[in-house]
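Topology and contacts: notes
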Amino acid sequence: MLFRFLAALRARTDATLVALLGPLSLCLPLWAHPAPLCPAPQGRSVLQLQPAGDGQAQACDLQALERLPALDITTALPPALGMAGTHRWTGVPLRHLVEQLGGGERSRIVLMALNDYAVAIPWSDLLRYNPVLAYRRDGQRMGIRDKGPLILIYPFDAHPALQQGQDYVNRTIWQVHAVSIR
Amino acid sequence: MLSPSAKQQPAASNTRTTHRLLALVVAMALGTSAALWWTLRQAQDLAQPHQQNDLWYIASVHNELARVSLLARQLRAREASAQDLVDRLDVLYSTLDTSGRGPRVSTQLREALPDTAQGLDGLRTQVERWSSQAGGSANEPGSTAARRTQATAAPTQALRVAEDITRQSDALLERLRQAVATVHLFSTQQTDQARQQLHQRFIVLSVVLSALLVGTTLLIARLVQDARAAKAASRQLAQTNRELEDRVARRTRKLEESRALLGFILDTSPSDVLLAEVESGRVHFINHRLTERLGLKTAPQTLFLPDLLHDPDTRQRFMQTLDQYGQVDAMEAQIGTHAPRWSSLSARLIDVEGQLAHLLWGFDISTHKALEAQLRELATRDALSGLLNRRAFMERSTALFDHCRRHGQPCTVLMIDIDHFKRINDRYGHQMGDTAIRACAEAIGQALREADLLGRLGGEEFAALLPHASADSAGQVAERIRGAIAQLGLASPAGHPVTFTISIGMAASERHHTGIEPLMADADAALYRAKAAGRNRVLTHEAAHPEL
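Bear in mind that the values here come from a model prediction, so they are computed numbers and not experimental data. (Residues numbered from 1 in each chain as written. Chains lettered and ligands numbered in written order. Predicted model: local features only at pLDDT ≥ 70, side-chain atom pairs only at ≥ 80, totals over all residues. Heavy atoms only, no water.)

**Regarding the confidence of the model for chain A**
- Overall, the prediction assigns chain A a mean pLDDT of 78, with 80% of residues at 70 or greater.
- Across residues 1-33 of chain A the pLDDT falls below 50, and counting only partners more than four positions away or on other chains, this stretch makes 4 contacts in the model. (pLDDT = per-residue confidence, 0-100. Contact = heavy atoms within 4.5 Å.)

**What about the packing of aromatic side chains?**
- For the structure shown, the criterion picks out 4 aromatic pairs over all chains.
- Taking 6.3 Å as the distance between ring centres and 65° as the angle between the ring planes, the aromatic pair formed by Tyr129 of chain A and Tyr154 of chain A counts as edge-to-face. A residue pair is termed long-range when its members are at least 10 positions apart, and Tyr129 of chain A in helix α5 (residues 123-129) and Tyr154 of chain A in the loop between β9 (151-153) and α6 (167-171) qualify at 25 residues. Side by side, Tyr129 of chain A and Tyr154 of chain A carry an identical accessibility label, which is buried.
- Grouped by ring-pair contacts, the aromatic residues Tyr129, Tyr154, Phe156 and Tyr168 of chain A constitute a single cluster.
- Over the aromatic face of Tyr93 of chain B sits the side chain of Arg145 of chain A, whose NZ or CZ is 4.0 Å from the ring centroid. (Phe/Tyr/Trp six-rings, centres within 6.5 Å; stacked < 30°, edge-to-face > 60°. Helix = DSSP H or I, 4+ residues; strand = E, 2+ residues; numbered from the N terminus. Buried < 20%, exposed > 50% of the residue type's maximum accessible area, 1.4 Å probe, protein only. Lys NZ or Arg CZ within 6 Å of the ring centre and 35° of its normal.)

**A word on helix α13 (residues 421-428) of chain B**
Residue and element names in this part refer to chain B.
- Buried within α13 are the following residues: Phe421, Ile424 and Asn425. Angular distribution of buried residues about the axis of α13 spans 95°; they occupy a single face of the element. Residues Lys422, Asp426 and Arg427 are exposed on α13 and point more than 90 degrees away from its buried face.
- The secondary structure elements touched by the buried residues of α13 are β6 (411-418) and α14 (430-447).
- Following α13 by one or two positions, Gly429 adopts a phi angle in the positive range, close to 95°. (Arc of directions from axis to C-beta.)

**A closer look at the sheet that holds strand β2 (residues 283-286) of chain B**
All names here are of chain B.
- Pairing in this open sheet of 5 strands is antiparallel, and the strands run β2-β1-β5-β4-β3 from one edge to the other. Where the open sheet ends on each side, the last strands, each with one partner, are β2 and β3 (327-335). Taking the axes of each pair of neighbouring strands and ignoring which way they run, one obtains an average angle of 20° across the sheet.
- Relative to β2, strand β1 (residues 272-277) runs antiparallel, the two sharing 3 bridges. (Pairing = 2+ DSSP bridges. Axes fitted to C-alpha atoms, helices over the stretch in contact; angles between N-to-C directions.)

Laid out in structure tokens, this is it:
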């Protein structure tokens with residue numbers, strides 16, 4: 001009971017602080033007081049975010065994700081993934097998400113899929129290839145049957161090194177429903 | 001020494017070995033190429049990663065179905081929403097969807113385990129039906145919001161689907177568990193097959209590599225053998241070469257000795273020897289005798305044969321003959337430049353070291369020539385007076401007269417005869433007669449010019465031919481001669497003074513004189529007249545002017 005009250009108090013204080021010191025907060029280190037990425041989800045939650053440390057888990061809907069900075073990657077995927085053709089993938093850079101969640105070089109970043117598939121993404125990948133957590137393919141949202149609603153897309157065409165082994169085939173995770181930073 | 005058959009045998013076996021080696025190399029190349037091609041094809045197959053894990057696939061299906069089953073129970077207990085069920089059914093459906101997967105999952109599994117594949121197909125149809133019943137529009141990938149409203153609108157439908165799922169799930173899960181075991185067995189078999197295949201491939205590769213190793217070893221052995229044989233052959237060659245060099249050196253020494261001997265022979269021979277190139281004049285050989293003859297201290301480096309010949313006419317004749325016939329035999333010519341000497345020369349045009357050369361042999365005949373000249377002198381001179389005898393006078397006066405006539409010059413003949421010569425002989429003896437003739441000849445000679453001819457025709461008769469002399473000038477000469485004779489102060493052995501006179505008949509050449517004889521006959525006629533007219537006088541032939 002006491003804990004819940006304290007948590008609520010802290011959340012309210014944070015909101016007030018953000019409202020008052022909005023512009024100032026940009027100057028602060030982001031992992032010090034991570035702001036909620038998806039404030040007040042309207043629609044159905046598609047992504048669970050577990051921030052670094054003992055931060056509270058957040059739920060995001062697609063509309064909230066679409067409000068975050070977006071990036072396009074146009075690429076074909078390795079044949080082993082079974083998704084033929086070159087497509088334009090639109091989504092949030094995973095690095096942005098991780099940084100917003102207070103993650104960094106020493107964090108362990110794990111993405112989990114609806115079918116219990118899970119994979120750890122090294123921080124170096126985010127720096128080197130800047131993969132995108134895509135929510136649109138060629139401008140269209142993707143249903144669960146189409147391996148949506150979220151797929152982690154690496155720019156395979158831009159980096160031939162990505163096409164070499166099984167690693168990046170494994171890291172291209174679909175039906176993502178949770179991102180966890182530990 | 002090898003017999004011919006023994007020589008041929010190694011050659012034939014050599015060819016056969018070479019052919020065998022060539023076949024070996026070709027076989028190795030072919031084998032390696034085939035292995036390489038095959039390996040490259042394998043490498044190409046392995047270039048792309050394949051997600052072909054059937055076990056993960058079937059396990060996922062099992063898990064998702066279990067989840068759907070759990071969710072269905074929760075839905076019935078009102079602990080989960082219809083949308084959750086729809087989402088889970090979608091996940092299950094997408095897990096079942098093998099259309100986009102690797103070839104093994106879709107085709108091989110279907111071929112190897114048709115029952116399992118059929119069961120999975122049936123499950124997919126079932127899930128499709130549940131999904132459409134629960135979500136209504138699950139077929140079309142519409143917005144989640146739209147689906148949500150439908151799902152919330154049909155909770156009863158969802159409840160019915162949940163009931164259906166709960167009813168069937170246990171049997172389905174049981175079948176899937178069996179399928180997991182079957183696929184596991186199938187997968188292990190597949191893995192083992194792949195292992196065996198790889199094993200076989202590596203065995204094939206090792207066979208090819210072993211063959212290559214054997215071939216390479218054979219080639220290296222052959223190379224070593226060849227290298228040894230080459231070494232031995234080169235050693236033998238060096239030995240043979242040394243022997244040959246020794247033999248050549250011995251022969252060269254012998255040759256030099258015989259050459260020196262030949263040189264000595266040629267040097268000491270009484271003949272002149274020269275061998276010189278035609279074009280360059282390079283002297284191949286010249287003996288001491290000829291060197292000395294040319295007035296040189298050492299043998300010259302270059303010498304041209306034509307330069308040796310003194311007389312231009314002879315030189316031309318000599319060289320022409322030599323060029324035309326390639327040889328000249330015993331031609332008499334004078335050789336040497338400042339003190340030419342007569343030689344009998346023989347020459348050959350020969351080839352020396354690819355160049356034309358003159359070979360000259362010469363025998364000194366200057367002594368013979370001097371003797372010959374002396375004999376000729378004896379034959380043309382009168383022994384008593386030293387004048388030309390009749391034959392020589394006639395020869396030379398004929399030539400001189402022809403010369404004058406050809407050039408349109410006048411010439412005059414004097415016929416001189418001592419008056420009463422018989423009396424001198426009778427009175428003072430023949431010796432006095434000879435003295436008179438000698439004195440007379442000397443006196444006449446002194447009165448004449450260098451170009452004039454004088455001869456003793458016989459007895460006390462002399463004849464003189466004066467070229468380029470008119471009758472007048474010749475007449476003066478004749479008078480001078482007559483005067484000189486009259487004043488000769490001769491004395492007999494007994495001391496008596498001896499005087500005598502001469503008569504001279506003179507004839508100048510006229511147009512009708514075609515030779516010396518008619519002119520001499522005219523002069524003779526004039527002499528006859530002078531004798532008849534009382535002697536001691538000069539009379540000119542006057543046939544053209546009889547009235548004078």
